[in-house]
Protein chains: 4
Amino acid sequence: MERTKPESFLDRTLVRVHRAWRNIVSTTPALGDGGTFAPDLPDHQLPALDARLHDCLYGAGGDYAARARTAELGRTYLRLSATGRSKFLTVLAESLQPDPETVAQEIEHWRRADDSTDRLSVEASLRDALTAPRVRLLKQFNALPEGVKFLVDMREDLLACKNETAHLAALDDDLKDLLVSWFDLGFLQFQQITWESPAALLEKLIAYEAVHEIRSWRDLRNRLESDRRCFALFHPSMSAEPLAFVEVALTKGLAGRVQDLLDIGAPTADPDQTDTAIFYSISNTQKGLRGVSFGEHLIKKVVESLSLQLPQIQHFATLSPVPGFRRWVDEQIEAEALALSDQDSMALERLRSADWTEDPAPDAPMQDLVHRLAAAYFSQRRGDGQPIDAVARFHLRNGARLERLNWPGDSSDSGVKQAYGLMVNYRYDLKHLEANHEAYVQYGTVAAARTIRDLMKRVQKDGQQ
Amino acid sequence: MERTKPESFLDRTLVRVHRAWRNIVSTTPALGDGGTFAPDLPDHQLPALDARLHDCLYGAGGDYAARARTAELGRTYLRLSATGRSKFLTVLAESLQPDPETVAQEIEHWRRADDSTDRLSVEASLRDALTAPRVRLLKQFNALPEGVKFLVDMREDLLACKNETAHLAALDDDLKDLLVSWFDLGFLQFQQITWESPAALLEKLIAYEAVHEIRSWRDLRNRLESDRRCFALFHPSMSAEPLAFVEVALTKGLAGRVQDLLDIGAPTADPDQTDTAIFYSISNTQKGLRGVSFGEHLIKKVVESLSLQLPQIQHFATLSPVPGFRRWVDEQIEAEALALSDQDSMALERLRSADWTEDPAPDAPMQDLVHRLAAAYFSQRRGDGQPIDAVARFHLRNGARLERLNWPGDSSDSGVKQAYGLMVNYRYDLKHLEANHEAYVQYGTVAAARTIRDLMKRVQKDGQQ
Amino acid sequence: MERTKPESFLDRTLVRVHRAWRNIVSTTPALGDGGTFAPDLPDHQLPALDARLHDCLYGAGGDYAARARTAELGRTYLRLSATGRSKFLTVLAESLQPDPETVAQEIEHWRRADDSTDRLSVEASLRDALTAPRVRLLKQFNALPEGVKFLVDMREDLLACKNETAHLAALDDDLKDLLVSWFDLGFLQFQQITWESPAALLEKLIAYEAVHEIRSWRDLRNRLESDRRCFALFHPSMSAEPLAFVEVALTKGLAGRVQDLLDIGAPTADPDQTDTAIFYSISNTQKGLRGVSFGEHLIKKVVESLSLQLPQIQHFATLSPVPGFRRWVDEQIEAEALALSDQDSMALERLRSADWTEDPAPDAPMQDLVHRLAAAYFSQRRGDGQPIDAVARFHLRNGARLERLNWPGDSSDSGVKQAYGLMVNYRYDLKHLEANHEAYVQYGTVAAARTIRDLMKRVQKDGQQ
Amino acid sequence: MERTKPESFLDRTLVRVHRAWRNIVSTTPALGDGGTFAPDLPDHQLPALDARLHDCLYGAGGDYAARARTAELGRTYLRLSATGRSKFLTVLAESLQPDPETVAQEIEHWRRADDSTDRLSVEASLRDALTAPRVRLLKQFNALPEGVKFLVDMREDLLACKNETAHLAALDDDLKDLLVSWFDLGFLQFQQITWESPAALLEKLIAYEAVHEIRSWRDLRNRLESDRRCFALFHPSMSAEPLAFVEVALTKGLAGRVQDLLDIGAPTADPDQTDTAIFYSISNTQKGLRGVSFGEHLIKKVVESLSLQLPQIQHFATLSPVPGFRRWVDEQIEAEALALSDQDSMALERLRSADWTEDPAPDAPMQDLVHRLAAAYFSQRRGDGQPIDAVARFHLRNGARLERLNWPGDSSDSGVKQAYGLMVNYRYDLKHLEANHEAYVQYGTVAAARTIRDLMKRVQKDGQQ
C-alpha cells in the first residue's frame, strides 16, 4: 500500500538515459570556446550558433535526432542572459528565412499559371515557399520536457525586442501563429481550483493575480471558501501553469464594493442563499501569449459550469475596475471641459483629496457627481468608435452590458489612483449576449441598464448645451 | 466512500445546458427542407450549406458563438452518408478559398517592394492571403467534444475523394498541415498498455492490430503477460484512441518464428532471464493521419523506456514481415531471371507447394534457397535508390540494421502468401542508429549484419556472372 | 509526457530491499529439512511450525520484525498443498489458545469481586484472557502485500475443514470476527463498473458471476451497454477484487423474462425512455467471507445511486430465480399432495416434459398452474416460520415485496431444472422497506402485491378444503 | 475537456436523497423538547438518549436502517458542548453494558464444562457475553461519511473524562481496542508529501507539527525543497488527515544543529551530493489515537523508501530533542549531586544565563560539561530499568543507537528551556536494529556510539568515586 512515487530517482535515471542518447546524437557543431556559448553570446560565437540552427534542421541522423538536438539548443538558450537571448533571436530570425529565389520563382509560376487547377497547386507551392524554415525549428523545441512553456517564454523575450528589426517582427508573427494554433480553445482544459489544489499551483495564483493583489495564504484561502469559486484554463502540455483564471464570489444581489469581497474577516455566506455570481478578478498569466485571448472563453465556460453546479444562481456579473477613469476626469478638469455646479466643485475637491476613503457612509453629492462623470466617460469613443475604457471594450465585445455604477466601489489606494474609487458591474445575460455583441460590433452600441442609459443621455444632452 | 461518477446524469444535464445555449446561438441559417440536411445532400441544399459555412466564419455573435455554430455543423456532417460527406467536403473546399483578387494584389505589392524590410511585411501579407479561410473553419471544429477525432475522421473521408478535384486536394493539404501541427510529437503521450487498461481501450487493440491478427481476448491477454510489453502513443484530446502501438516480447536471444510468440499455450518467460526485446507488431490506427508518422518516435521511446525498466535487456530488434518478397520471387520465376541449381529447383517447387508449413524440422536446402533469394531481394532498389521492401525502408531509415533472415519465420497462411514464410529481424542499436541513418539517407547503404552482407555480395556476384 | 510507470523495475528493487531486510529479520527458527516446509507438512515438521508460530508472536526484534516474520510465514502457507494447509491451520488453532490457567484465575477473581467497579475491571481482564493469542497473529498477516486477501482465502481453506475439530471451529470464529470487523460496511467502496474498467477487473466478473453465466466478452459487453448498469463493493485493501456486484437493466416497465435481458442481439434501449431498474443478477465473490453479508447494503446503495443519476427511474425491482421451486413441486407430486384438475394434470405433464421451452407463445393453462403452485410455494414456511425459498428470505428480510410471478421467466436449462422456468420480481420501494422488514421479522409476514396475496389466499383456502 | 467536478451540486443532491431516506428511517424516538437534544444534555433528556441508543441497536428496520439511525445520532453528538459530550459518553458507557446475568450464567456453564471440546465452545459464549453491546454501536458510527474520524475524535473527548468513572474507562478500553484493530498497520498508506500536495493537507502539517513549529508557508516550503523529504501515514477512510509525519533533511554527514536545517535562507543542497538522511521532526497528529503507535512503522518505511529512491544515502539518523535534560540537570544542582570543578561551575553558570545562544563559536568548556552531563543523564534509569528520557526510550526500543551528542544543537528558546540547547542523533542502522532492540528489551542496554559509551563509563566511574 505504497503510494510514494520515487520520482527524483526515476527522473535522474531518465536524465542519465537521455544523456547517453544525446552523447550519440550531438556529435555535431564544435564550438571554439570550450564547447559552450557564453551567456551574452559574443559576436564571434554567432556563426557557430547559425551553424547549430541549420544543423537542427538539416543535420544528420533523422527526425528523432533533430528534435533531440533542438532540445539541446533550447537548453543552451535558457542559460543565456537577456542580451544573449536577444542576439539568439536575431540570428534565428535572420538565419532561417524563406528563400528569396524560390519565392520569386513561384511567383513567376503563379503569373504563368493558366487555369484554376494549375493555380491552386502553384498557390500551395508559393505559400510553402513563403513559410520560413524557422517555423519548423520552433516546433522542434516542443521536444523539450516543457517545450510549450519554453516557446511561450521565448515569445515573452521576443516581445521585448521585436520592434527592433523587421526580422524580429516577422519571427514574432511566426511564433504567434504557432502559439495561436497550439493554444486553440478546443485543447484547453477548464478546471476548478480549490483549497484542495496543489500548493505549487495555488502559489502561482498569488504570483499571477493581476487585479486585486493576494496578500497572503490566508487571503488566498478566503478566496477559495465555500461561497467562492475559482476557475482556470490549462494547456495539456503546461499543466503546472494556469493560462487565465477568474475569481468568483457568490452573493445575494449584485456586489458593489470590492473591499467587502476581499475582507478576510467577513463571514462566509451559505451558497444556497445566494443568487448571483460576481466575477471580481480575471487574470491572464502568460506574457508570452499576448494576443492569444482566453478571457471570453473562460467567462462563458464559468457561466455554463456554475449554471450546472448551482441552479439557484440566476445572475452573472462582474465587479470591474474602470482603469482610465481618473486620467480622463483629470484631463477634463485640466481642459476646463466640465460644467460644474458649486456643489459639484466642492464634491470634486473632496473626491480628489481622498479623505473620504475612510468614511463608511457614502457622500451623496460626491456619488452623484461620480456617476454623472462615469456616464460621460463611458459615452466617449476612440477613433475606431469604441469606448475609451479597455475593460469596457472587453466585456461589451463579449456581449455583456454595463449594469451598475458603484461609488465608492474600491477605496484602496490603487482604486482611488485609477478611478477615484469607481467600480462597475458588467452583466452576462445568456439571453442577450449575442444581440449585444452584434449591436456593439456593428454599430458600436454600448449595452447598458436603463438607469445608466438615461444618465448617459442626460449627460450627453447637458454636454451639448 | 462513493467512487461512482454519475456521468450519464451529468452528461445529460450538460447537453441540456448546451442545448439552451445553442438555441440562442444558432438562430442563423434557415434551411428549406424542415431545417435539416438530407443524408445525401441533394444539390438544392448546397447553397444553404454554403451559407452555413460562411455563417460559421463571418456570422453574428462573436468567437464563442462561431465555434458553437461550427460544432453544430460538425454534428450535421456526422449524420451525412458517404455521398453527402463527399459533397460537403467539395462545398467546403470550393467555398472558402483564398480570395484571388487579394492574392493578385499582394503579388503586385511584392513585385513593387523596394527594400528587404518592405518585402518582409509584404511576404507576410501574401502568405496570409494565400491561406484559405477554410483553415480557420477547420480549427473551429475543435469546439466539438471530440473535435480532434472529428477532423481525423473527416480526413479519412477526404482521402477517399481527394483525387477527384484539385480543390479537394488543396483542402487535404490544408487539413494535413493542421493535423501535422496538432499531432506534433511533443504533444503525444507515451503510455504502457497492460491487462489493467480499460477494456474499451484493449478492444481497440483487437480492432486496430494490423500485422498479426488478435483472434480473441485470450490471445490479447497472452500478448500482455509478464514477458510481454505493449506501448502506445496518445493525443491528449483523443485519449480513448491509441495512435500507434507496438507489441514487444521479452526473449532470451533473437526470436525468429512469430508462431512461437503468438502461441497462447507457450509458457510465460521469467523477464529476469531475458536479454532481448523483440518488437513483433507495430500498428498505426488512424487512417486519417496518413502522412503523419509516429512509428520512429514510438520505437525509440520504447527502447528508452525499456532500457530504464529492464536493465537486463541488452538487445532491441524487430521480428518483421517481408511483404513484397513472394511477389518479387514469383516475378523472377516468371521472367526466368533466376539461375537455379537442380537442388534449388526442387526446393523451390516444394516451397511453392506450401506442404512444408506443417513440418516442424526446417529443410536445409529450402532454407538456403530462401536466404539467397532474400539477399537478392534486399539488394534490389527502386528508381529512387531505396530498397523495394516497404518495411525495410521504414526500419533502415530509422537507423536499424538488417540483422537476421528467418526461414521459416511465419508459417501462417498470410505469412506464406506474402513472403513464402520468410521473416527478418531489424536490430536497433542505439550506438549505430545515427550513422546507419546517415549512410542510408545519403548513399542508400543498407546496414546489415556481416553474414547477410556477405550473402548479398555473393548473390550479387553470382548474379553478375 | 511519459505516462509509463516502470513498475516491474521498481517492484523488483523493492523485493530486493525487502529481502535485505528479511535476511536480518528471520534468522530465527531453524528447520531440519533444508530450511523449508514440505508442501504436505509431514508430521515431523509440525513442531518446527509450532515454534515458528510462537516466534511470530513472542520472538525477538520488535513489532516491525514480528510482522515481517509473519508475512514470511504467510508466504510459506501459500506454498502448501491442501493437506499441508489443513495441518497448518490445525497447528495454528491448537497452538496459540487462551491460557487455561489465566482463564481459571480470572474467573476466580470475578467470583470474588465485591463491587461493580471491581467487576468491570475483572471482566475486562477475563475477556482478554479468553481472547486467543492467535488473533494477534492473524492480524499480523496483514503485513503481507495482499494481507487482507490472504486472510479471506485462508478462511476459505478453513471453511473446508472447520468442522473436523472444535479447535478449528474456534479458529474460524476468531477469523470470522476479525473479517467482520475489517469488512465493516463503512469501509467498503461503492463503485460503478463500466466497459472503461480495467480488463483485469472485468475478467473477474466473468469468473465470479453466479446467477446467469457470462459466456463471452461480448456477453459481458452487452451487460455494460448504455441501458445497463453494474455496481460493485470493494475493500480498500483488496481493490482488484469486487466483493459483491449487481447487474441492472433499465427497462420500460417490469421485465419478466431473463432471456430478453441476456439477448446479445436485442437493441439497446434509450435510458431516457426507461422507468424501471431491474436487478437481474447479484453475486458474492469471496467464499472466505461467508457470513459477512454485503447484499442488502449493495442493493440499497444502488437504489440511492440510481435515484440520483437517473431521476426518471421510478421503480426498483429484481428479476430473481426461485431456486427451490422445482424440488418442492416434485415432492408434492411424489407425495400426491396436489389436488389437480384434468387440465392441470395435462399442463403439469407438458411442463415436466420441457417441450414448451422453444415455444414463443405462453401456454395459458400451464401459466395458470405454475402461478398457483408458486403461490402455494411462497406460502410454505420452515420450522423457524420463514419461507422455504432462500432468495425470498433474503429480499423479504431486506423489506422488498414479492411483486410479480413470471412464467415463463427463464427457459434456459438451468431455469427449467431449478424452477420449471419460473422467475419472480421483488420490488424495492423506499417508502415501504422498513415496514415490510418489521412485519417480516416480527410476524413472518410475506409482503406481496395484491394479486399475489389474493392468489395465495385462494390457494390456501383450496388447500384447506 | 471539462475537468471540473461540480461537487457541491452533487453533494447537495446526495444530502437530499439521504434526507428522504432518513425521513423514513428515523421515525423512532420522540424527544420531549421539540425533538432535539440541548447542547449541554440536561438530565431530563438522558432517558431519551438512552432510548435512542437502544433504538440504534435493537430498533426496527434492519441493519441498513440501524446504521442510518446511528449516523443521525452521531450528528447529534457533534452538536453537543463539552459537557453534553461527557454526559453522552457516560450514558453510552453505562447503558449498553454486558448483561450481568448472562455473564454469570456462562461462567456457571464454564465451571460445569466437562471436556475440552465443551469448554472451547463455552469460552466462546462467555467471551461474547463479556463483549459490551456498545461495541457494535461504536462500529455503526462508521456509517457516517467521516465515521472513522468521528470515532477518533470521540476518543479524544473520552480521554479527557475517562478517569472519572470505571464505566468510562471500560468504554475507552472498548473504543481503543476497536481503533487498534481498524488502524492496523497493514491498512495504512505511506505517502510522500511535497509542495505539489493539496494546500488543505499542507495546512494540517502546519497545525500538527509538534517538534519545531512551522512559522509560515515559506517555512513549510523550505521543508519541502529538493534536499528535503516529508512522509506521512494515512488511513484509507481518513485521507484528509495524516496520522503521523516525519520531516527529513538530506545532508552531507550528520547534522548537529537544528537551526541550520530550519534556516529559510540557507542554500538548497544538491541531493546527489548527500549521504545522510536526518529525521529532524516526527509528529503524531490524532490525540484520539493515543496508545496506537505509528512512529516505528513510519520511520522504518521511510528508511526503506529512501534506500530505494536515493541509493547514495548511506546513513539514517535523527536529530532529536532531549526533553527531560534541563529538568534533570536542575534537580542535580538543587540536590548538590554534581561534583563540579571550578571551570565546570563557571561553564554551568554561563550555560544557565543563556547569553551564549547568540554566540556563533561553541565554547569548549561548556560543551565539555554538557556532554558529560548528557552522558550521566542517559545512564539514568527509571524504576522499570528504562532510560528517563522519553524520546530515548522510543528510539532505543526501535533498535536505533545513540550516535552523537550535539551542543549547541538547538539554541532556540524552547531548545534552551528543555535541554540547555542539547540535541542528539539516534542512528538507524538496518544491520543492527534487531540486535539493539533485543539487548534493550531484555537487558535494558542503551546502544550507543563508542565515544558516548566511553563517556558514560567515565562519568559513572567518576560518580562512584
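## With respect to the overall build of chain A
Logical step 1: Along chain A, the regular secondary structure elements total 20 helices and 8 strands.
Logical step 2: Principal-axis analysis of the C-alpha atoms places the extent of chain A at approximately 80 × 70 × 45 Å.
Logical step 3: Counting every position in chain A, which comprises 465 residues, the buried fraction comes to 55%.
Logical step 4: Counting contacts in chain A only where the partners sit at least 6 residues apart, residues at least 24 apart contribute 72% of the total.
Logical step 5: Side-chain charges of chain A comprise 56 positive and 68 negative groups, with the mean position of each set lying 2 Å from the other.

## Examining the interface of chain B and chain A
Logical step 1: Between chain B and chain A, the contact holds 62 residues from the first and 62 residues from the second.
Logical step 2: For the chain B and chain A pair, buried surface summed over both sides reaches about 5500 Å², with 63% attributable to carbon and sulfur atoms.
Logical step 3: For chain B, the biggest contributors to the area lost against chain A are Y64(B), R127(B) and E434(B); these three give 13% of the whole.
Logical step 4: When the shortest N-O distance is used, the salt bridge between R127(B) and D174(A) registers 3.6 Å.
Logical step 5: Where chain B touches chain A, the interface holds 12 residue pairs in polar contact (both at pLDDT 80 or more).
Logical step 6: For the side of chain B that touches chain A, the secondary-structure elements that each account for two or more residues are α1 (7-25), α3 (62-78), α5 (100-112), α6 (116-130), α9 (166-182), α13 (295-309) and α19 (433-443) of chain B.
Logical step 7: Ranked by the residues each element gives to the side of chain B that touches chain A, the list is headed by α9(B), at 9 residues.
Logical step 8: Broken down by class, the residue content of the side of chain B that touches chain A amounts to 28 nonpolar, 16 polar and 18 charged.

## Let's talk about the environment of H297(D)
Logical step 1: Along the chain, H297(D) turns up in helix α13 (residues 295-309).
Logical step 2: We classify H297(D) as buried; its relative accessible area is 12%.
Logical step 3: A C-alpha to C-alpha distance of 9.7 Å links H297(D) and F190(D), two positions 107 residues apart in sequence.
Logical step 4: In this structure, H297(D) is in contact with Y64(C), L185(D) and L233(D), ignoring residues within four places of it in sequence.

## Digging into the confidence of the model for chain A
Residue and element names in this part refer to chain A.
Logical step 1: With 92% of its residues at a pLDDT of 70 or more, chain A shows a mean pLDDT of 89.
Logical step 2: Here helix α1 (residues 7-25) stands out as the least confident element of chain A, with mean pLDDT 43; strand β8 (residues 423-427) is the most confident, with 98.
Logical step 3: Counting contacts from residues 1-33, a segment whose pLDDT is below 50, to residues more than four positions away or on other chains yields 63 contacts.
Logical step 4: Two summary scores accompany this predicted model of the complex, namely pTM at 0.90 and ipTM at 0.89.

## Describing helix α16 (residues 364-379) of chain C
Residues and elements named next belong to chain C.
Logical step 1: Helix length check: α16, at 16 residues, gives a terminal C-alpha distance of 23 Å against a target of 22 Å (1.5 Å per residue), a fit within 8%.
Logical step 2: Extensive coverage of α16 is indicated by the burial of 12 of its 16 residues.
Logical step 3: Of the residues making up α16, those classed as buried are M366, L369, V370, H371, R372, L373, A374, A375, A376, Y377, F378 and S379.
Logical step 4: By the N-cap criterion, in which a side-chain oxygen at the helix start approaches the backbone nitrogen of a residue two or three places on, α16 is capped by D363, the distance to M366 being 3.0 Å.

## Focus: helix α8 (residues 147-161) of chain C
Residues and elements named next belong to chain C.
Logical step 1: An ideal rise of 1.5 Å per residue puts 21 Å on 15 residues; α8 measures up with 21 Å between its terminal C-alpha atoms.
Logical step 2: With 11 of its 15 residues buried, α8 lies for the most part within the structure.
Logical step 3: Taken residue by residue, α8 has G147, V148, K149, F150, L151, V152, M154, R155, L158, L159 and C161 as its buried positions.
Logical step 4: Along its buried surface, α8 packs onto α3 (62-78), α4 (82-95), α7 (134-140), α9 (166-182) and α10 (199-208).

## So, the packing of helix α17 (residues 390-397) of chain B against α19(B)
All names here are of chain B.
Logical step 1: One way to put it is that α17 packs onto α19 with a least axis distance of 8 Å and a crossing angle of 125°. By the angle class used here, α17 and α19 are oblique. Side by side, α17 and α19 meet where R393, L396 and R397 of the first sit next to H437, Y440 and V441 of the second.
Logical step 2: Per-class residue counts for the contact of α17 with α19 are 3 nonpolar, 1 polar and 2 charged.

## Thoughts on the packing of helix α8 (residues 147-161) of chain A against helix α9 (residues 166-182) of chain A
All names here are of chain A.
Logical step 1: Here α8 crosses α9 at 150°, and the two axes come no closer than 10 Å. Relative to α9, the crossing made by α8 is left-handed. Contacts between α8 and α9 involve L151, V152, M154, R155, L158, L159 and C161 from the former and L168, L171, D172, L175, K176, L178, L179 and W182 from the latter.
Logical step 2: By residue class, the composition of the contact of α8 with α9 is 12 nonpolar, no polar and 3 charged.

## Describing the relation of the copies chain B and chain A
Logical step 1: In the superposition of chain B on chain A (RMSD 0.1 Å, axial shift 0.0 Å), the rotation amounts to 180°. This pairing of chains is accounted for by a two-fold axis. Relative to the rotation axis, the closest C-alpha in chain B is found at R127(B), a distance of 2.8 Å.

## A short note on the side chain of T76(D)
Logical step 1: Structurally, T76(D) is set in helix α3 (residues 62-78).
Logical step 2: Ignoring anything within four residues of it in the chain, the contact list for T76(D) reads F37(D) and R52(D).

## Concerning the packing of aromatic side chains
All names here are of chain A.
Logical step 1: A full pass over the atoms with the stated rule returns 50 aromatic pairs over all chains.
Logical step 2: An aromatic cluster is built from Y77, F88, F141 and F150, whose rings are joined through pairwise contacts.
Logical step 3: Seen from the ring of W110, R119 lies directly overhead, with NZ or CZ sitting 4.5 Å from the centre.

## Some thoughts on the nonpolar core
Logical step 1: If you look at the biggest cluster of nonpolar residues, it comprises 198 residues, and the most contacted ones within it are M154(A), F183(A), F325(A), F378(A), M154(B), F183(B) and F325(B).
Logical step 2: Not counting chain neighbours up to four residues away, the residues in contact with M154(A) comprise Y77(A), F88(A), L89(A), L92(A), L138(A), F141(A) and L175(A).
Logical step 3: Counting residues in hydrophobic clusters, the runner-up holds 197 residues, among them A48(C), L175(C), A448(C) and L144(D).

## A short note on the pattern of salt bridges
All names here are of chain A.
Logical step 1: Under the counting rule described, the total for this entry stands at 136 salt bridges over all chains.
Logical step 2: Between R401 and E403 there is a salt bridge, with the nearest N and O atoms lying 2.6 Å from each other.
Logical step 3: For R401, a relative accessible area of 29% gives the class partly exposed.
Logical step 4: Salt bridges linked by common partners bring E209, R215, D219, R223 and E247 together as one network.

## Looking at the pairing of β8(A)
Residues and elements named next belong to chain A.
Logical step 1: Most of β8 is tucked away: 4 of the 5 residues are buried.
Logical step 2: Pairing of strand β6 (residues 320-321) with β8, which is carried by 2 bridges, proceeds in the antiparallel orientation. Bridge pairing in β8 links P321 to M423.
Logical step 3: Pairing between strand β7 (residues 401-406) and β8: 5 bridges, direction antiparallel. Looking at the pairing, N406 lines up with M423 of β8.

## Observations regarding the environment of I313(D)
All names here are of chain D.
Logical step 1: On the secondary structure map, I313 appears in the loop between α13 and β5 (315-318).
Logical step 2: Separated by 212 residues in the primary sequence, I313 and E101 place their C-alpha atoms 63 Å from one another.
Logical step 3: In this structure I313 touches L250, T274, D275, T276 and A277, once residues within four positions along its chain are discounted.

## Quick look at the side chain of D174(C)
Logical step 1: In this fold, D174(C) is placed in helix α9.
Logical step 2: Judged by its relative accessible area of 4%, D174(C) is buried.
Logical step 3: Once residues lying within four places of it in the same chain are set aside, the contact partners of D174(C) are A132(C), R134(C), V135(C), L138(C) and R127(D).

## Looking at unusual backbone geometry
Logical step 1: The step from W407(B) to P408(B) runs through a cis peptide bond, and the omega angle for that step is -5°.
Logical step 2: Take P408(B): it is sitting in the loop between β7 (401-406) and α18 (413-419).
Logical step 3: Even without glycine at this site, Y420(B) takes up a positive phi of about 45°.
Logical step 4: If you trace the backbone, Y420(B) turns up in the loop between α18 and β8 (423-427).
Logical step 5: With a phi angle near 50°, L41(C) is a residue other than glycine that sits in the positive phi range.
Logical step 6: Residue position: L41(C) is located in the loop between α1 (7-25) and α2 (46-58).

Rules behind the numbers
Residues numbered from 1 in each chain as written. Chains lettered and ligands numbered in written order. Predicted model: local features only at pLDDT ≥ 70, side-chain atom pairs only at ≥ 80, totals over all residues. Heavy atoms only, no water. Helix = DSSP H or I, 4+ residues; strand = E, 2+ residues; numbered from the N terminus. Buried < 20%, exposed > 50% of the residue type's maximum accessible area, 1.4 Å probe, protein only. Contact = heavy atoms within 4.5 Å. Lys, Arg positive; Asp, Glu negative; His and termini not counted. Charge placed at Lys NZ, Arg CZ, Asp CG, Glu CD. Buried area = accessible area lost by both parts, 1.4 Å probe. Salt bridge = Lys/Arg side-chain N within 4 Å of Asp/Glu carboxyl O. Polar contact = N/O pair within 3.5 Å; in protein donor to acceptor, adjacent residues only side chain to side chain. Nonpolar A, V, L, I, M, F, W, Y, C, P; charged D, E, K, R; others polar. pLDDT = per-residue confidence, 0-100. Expected span 1.5 Å × (residues − 1). Axes fitted to C-alpha atoms, helices over the stretch in contact; angles between N-to-C directions. Parallel < 35°, antiparallel > 145°, perpendicular 65-115°, else oblique. Left-handed = near helix turned anticlockwise from the far one by under 90°. Least-squares fit on C-alpha atoms with pLDDT ≥ 70 in both. Phe/Tyr/Trp six-rings, centres within 6.5 Å; stacked < 30°, edge-to-face > 60°. Lys NZ or Arg CZ within 6 Å of the ring centre and 35° of its normal. Core = buried A, V, L, I, M, F, W, Y, C linked by side-chain atoms within 4.5 Å. Pairing = 2+ DSSP bridges.

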